[in-house]
Amino acid sequence: MKNSWQTVSVDNQPMGLYVCQPDGAVAFPAIIVGQNQDGVGEFTQSMARRIAEAGYVGIAPQFYHREGEPKTPEDIANFKHTRRDINVLSDIDATVNFLKGCANVDSSRLGIVGFCMGGRIAFLGAAASKHFKVAVDFYGGGCYQQWGERPAPATFAADVSCPIQGHFGELDKNPPPDEMRKLDAELNRLGKAHEFYFYANAPHGFNRSGWDGYRPEADKTSWQRSLEFFAKHLAPSEQKKAASA
């Protein structure tokens, strides 16, 4: 596995990309990794490495690039007031364009996964763009909240263009389980391909090791489900045909 930092320009500003590439000379599918509120720190980087270990190019854009990566809890709190979906979508487009220029990426097979605010970004990407074949949302809070002038992502549920998987803790406060069950019901009503899972005794960030809220069994189960979901929707066309035969 090769890990590196790359840079692209978005709105005339540099945006860092943490890129993890599997070993091999073939063109791999790629998965954008949406950061948690801490920015592209150790947790988000570890998730990008998990993606690469599974055989995908993992790429984590620095969605905070306009403000700079957070250094203190106060920075994180302040950034909550500067988030704008229109900026997030520009950052996603720039990341996808970067991937299209990578010789080792099959840009016809792109996915997105996110954690915390990144889970919301994953849902937004599925609903507001046509880039992705699959999206996975880990406890993405704020799907019913606006970032800037654009309406909240949940209001665009009818526009979801790829299958979505969601993983949520029953003890979470943001998003609360009832809110995600409401979104689950709306996606069912709209006939959107999706599967939502709820984990007992699991708080927000249940798959982030090193703190009291870490739940190893929920982490293991949710990640295995995610890998199966990625494999199902990012497999080459020939493999999909063979699997359905």
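Calculation notes
Residues numbered from 1 in each chain as written. Predicted model: local features only at pLDDT ≥ 70, side-chain atom pairs only at ≥ 80, totals over all residues. Heavy atoms only, no water. Helix = DSSP H or I, 4+ residues; strand = E, 2+ residues; numbered from the N terminus. Buried < 20%, exposed > 50% of the residue type's maximum accessible area, 1.4 Å probe, protein only. Contact = heavy atoms within 4.5 Å. Areas by Shrake-Rupley, 256 points an atom, 1.4 Å probe, with all protein chains shown as cover. Lys, Arg positive; Asp, Glu negative; His and termini not counted. Charge placed at Lys NZ, Arg CZ, Asp CG, Glu CD. Expected span 1.5 Å × (residues − 1). Arc of directions from axis to C-beta. Pairing = 2+ DSSP bridges. Axes fitted to C-alpha atoms, helices over the stretch in contact; angles between N-to-C directions. pLDDT = per-residue confidence, 0-100. Salt bridge = Lys/Arg side-chain N within 4 Å of Asp/Glu carboxyl O.

A look at the overall build of the protein chain
So, point 1. A count of helices and strands for the protein chain gives seven helices and eight strands.
So, point 2. Burial statistics for the protein chain: of 245 residues in total, 52% are counted as buried.
So, point 3. In the protein chain, once contacts between residues fewer than 6 apart in sequence are set aside, the share between residues at least 24 apart is 71%.
So, point 4. Element-wise, carbon and sulfur atoms account for 48% of the exposed surface of the protein chain, whose accessible area totals about 11000 Å².
So, point 5. If you average the places of the 26 positive and of the 28 negative side-chain charges in the protein chain, the two averages end up 4 Å apart.

Remarks on helix α5 (residues 177-190)
So, point 1. The terminal C-alpha atoms of α5, which comprises 14 residues, lie 20 Å apart, in line with the 20 Å expected from a rise of 1.5 Å per residue.
So, point 2. Turning to α5, its buried residues number three or more, namely Pro-177, Met-180, Leu-183, Asp-184 and Leu-187. Buried residues in α5, looked at end-on, bunch into an arc of 120°, giving them a common side. Opposite its buried face, α5 presents the exposed residues Asp-178, Lys-182 and Arg-189, each directed more than 90 degrees away.

A short note on the sheet that holds strand β3 (residues 28-34)
Adjacent strands of a sheet pair through backbone hydrogen bonds, lying either parallel or antiparallel.
So, point 1. Spatially, β1-β2-β4-β3-β5-β6-β7-β8 is the arrangement adopted by the eight strands of the open sheet, whose pairing is mixed. The sheet terminates laterally at β1 (2-10) and β8 (194-199), the two strands that pair on one side only. Neighbour-to-neighbour, the strand axes of the sheet open up by a mean angle of 20°, direction not taken into account.
So, point 2. Two strands pair when backbone bridges link them, and strand β5 (residues 105-115) and strand β6 (residues 134-138) are joined in this way by five bridges, in the parallel orientation. Bridge assignment links Ile-112 to a residue of β6, and that residue is Ala-135.
So, point 3. In this fold helix α3 (residues 85-100) packs onto β1, β2 (13-21), β3, β4 (57-61) and β5, with an angle of close to 125° to the strand it touches most, β1.
So, point 4. Helix-sheet contacts for helix α4 (residues 117-128) involve β3, β5, β6 and β7 (164-169), and the interaxial angle to β5 is about 135°.

Quick look at the confidence of the model for the protein chain
So, point 1. Across the protein chain, pLDDT averages 95, with 96% of residues at or above 70.
So, point 2. This stretch, residues 241-245, has a pLDDT under 50; its non-local contacts, to residues over four places away or in other chains, come to zero contacts.

Description of the pattern of salt bridges
So, point 1. Enumeration according to the criterion identifies eight salt bridges in this entry.
So, point 2. Asp-106 is paired through a salt bridge with Arg-109; the nearest N and O atoms lie 2.8 Å apart.
So, point 3. Judged by its relative accessible area of 21%, Asp-106 is partly exposed.
So, point 4. Classification of Arg-109 by relative accessible area gives buried; the value is 14%.
So, point 5. In the salt-bridge network here, residues are joined through shared partners; they are Asp-11, Arg-66 and Asp-91.

What to know about unusual backbone geometry
As a rule of thumb, non-glycine residues mostly have phi less than zero, and peptide bonds are mostly trans rather than cis.
So, point 1. Following Asn-174, the chain continues into Pro-175 via a peptide bond in cis, with omega recorded as 15°.
So, point 2. Examined against the element boundaries, Pro-175 turns out to sit in the loop between β7 and α5.
So, point 3. With a phi close to 60°, Cys-116 is a non-glycine residue in the positive phi region.
So, point 4. One can find Cys-116 in the loop between β5 and α4.
So, point 5. Backbone geometry places Tyr-139, a non-glycine residue, at a positive phi of 40°.
So, point 6. Looking at the secondary structure, you find Tyr-139 in the loop between β6 and β7.

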